[in-house]
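Spelled out from the first residue to the last, the chains are:
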Amino acid sequence: MLFPEGVAIDGKTGAVTPETGRYVKRLSELKGIYQDQAAFQRAVSDGNDPVAYEVIDYRNKESDLSFGTTIMAPGQVGGEYFMTRGHYHERPECGEAYYTQSGEGLLLLESRDGEVRTVEMKPGICAFIPPDWAHRSINTGKEKLVFVWFCATDAGHDYGEILTKGMRKIVVERDGRYAVIDNPAYTKASA
Ligand code: PA5
Ligand code: NI
C-alpha cells in the first residue's frame, strides 16, 4: 500500500527527496537534435561532453500520478540553446504540467496538425501541455532552468517523430535574446 508523504523539491538544484529514480543526458547523447553538426561535435569535445539535462522522478506504478524535476544546464550549440529531445506522449490522451522553479526558458509545443505555440518558462508560471501536443523545453537563460513536471505515470514517451522530422521551429539567440524561427531542416524534410 502507498502512504501519503511530503516530497521536498529544491527549486534551485531540482533535488527531489525522496526520489525514485533519475537519469542524465550528456550532450553526446543528443546527436541529431541540433542543426549544426560541426558545432555539435565542438561543443561535445570542448565542453568535455557536458551534462545537458537531468531528470529526477517521484514515480510509483501503483499510482496514476507522477511528478519530478528536470534540471537543464545553460549552453548553446551553433546558436541554438540547450534543449530536451522533445516528445509526444505514447498515450495521446495524457497532458502534462511544467511548473518552473528557477531560471528562464521556453516551452516549444506542436500539435499533430502543425499548430505551433510557445510558453515562456519562468518562476511562477505553470505551463499547461494539452494532450497530444509535442513538447520540448529550451534553456534560454544563463543559469540552470529547473522545473517540476506532473504527468500520468503511464503516459509514456514517444520520441520517434521529433527525432526523425524535428520540430517546425527552432529557438536561437539573436541580439542577446531568443528568437523562434523556421527550422530549415524541417522544411527540407517535408518538401
Ligand atoms: O515527461 C516530460 O515531459 C519530462 O519529464 C521530460 O521527459 C524531460 O523534461 C526530458 O525531456 P525529454 O524526455 O523530451 O528528453
Ligand atoms: Ni512529457
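Preceding block: the structure.
The shown structure was predicted, so the numbers you read here are calculated from the model rather than taken from an experiment.

Draft legend 1. View of the coordination of the nickel ion (ligand 2). The protein atoms that coordinate the nickel ion (ligand 2) are H87 (NE2), H89 (NE2), E96 (OE) and H135 (NE2), at distances of 2.1 to 2.2 Å. Each donor residue of the nickel ion (ligand 2) lies on one chain, and together they are spaced H-x1-H-x6-E-x38-H. Note on H87: relative accessible area 8%, which makes it buried.

Draft legend 2. Geometry of the pattern of salt bridges. Here the structure, examined in full by the defined rule, presents 13 salt bridges. Residues R112 and D132 are paired through a salt bridge, measuring 3.0 Å at the closest nitrogen-oxygen approach. On the criterion of sequence distance, the pair formed by R112 in the loop between β10 (105–111) and β11 (116–121) and D132 in the loop between β12 (126–129) and β13 (133–139) is long-range, its members being 20 residues apart. Given a relative accessible area of 43%, R112 falls into the partly exposed group. The partner of E120 in a salt bridge is K122, and the shortest N-O contact between them spans 3.9 Å. Judged by its relative accessible area of 36%, E120 is partly exposed. Each of R112, D132, E161 and K165 takes part in salt bridges that share partners, so that together they form one network.

Conventions adopted
- Residues numbered from 1 in each chain as written.
- Chains lettered and ligands numbered in written order.
- Predicted model: local features only at pLDDT ≥ 70, side-chain atom pairs only at ≥ 80, totals over all residues.
- Heavy atoms only, no water.
- Donors = N, O, S within 2.8 Å, 3.2 Å for Na, K, Ca; no water.
- Buried < 20%, exposed > 50% of the residue type's maximum accessible area, 1.4 Å probe, protein only.
- Salt bridge = Lys/Arg side-chain N within 4 Å of Asp/Glu carboxyl O.
- Helix = DSSP H or I, 4+ residues; strand = E, 2+ residues; numbered from the N terminus.

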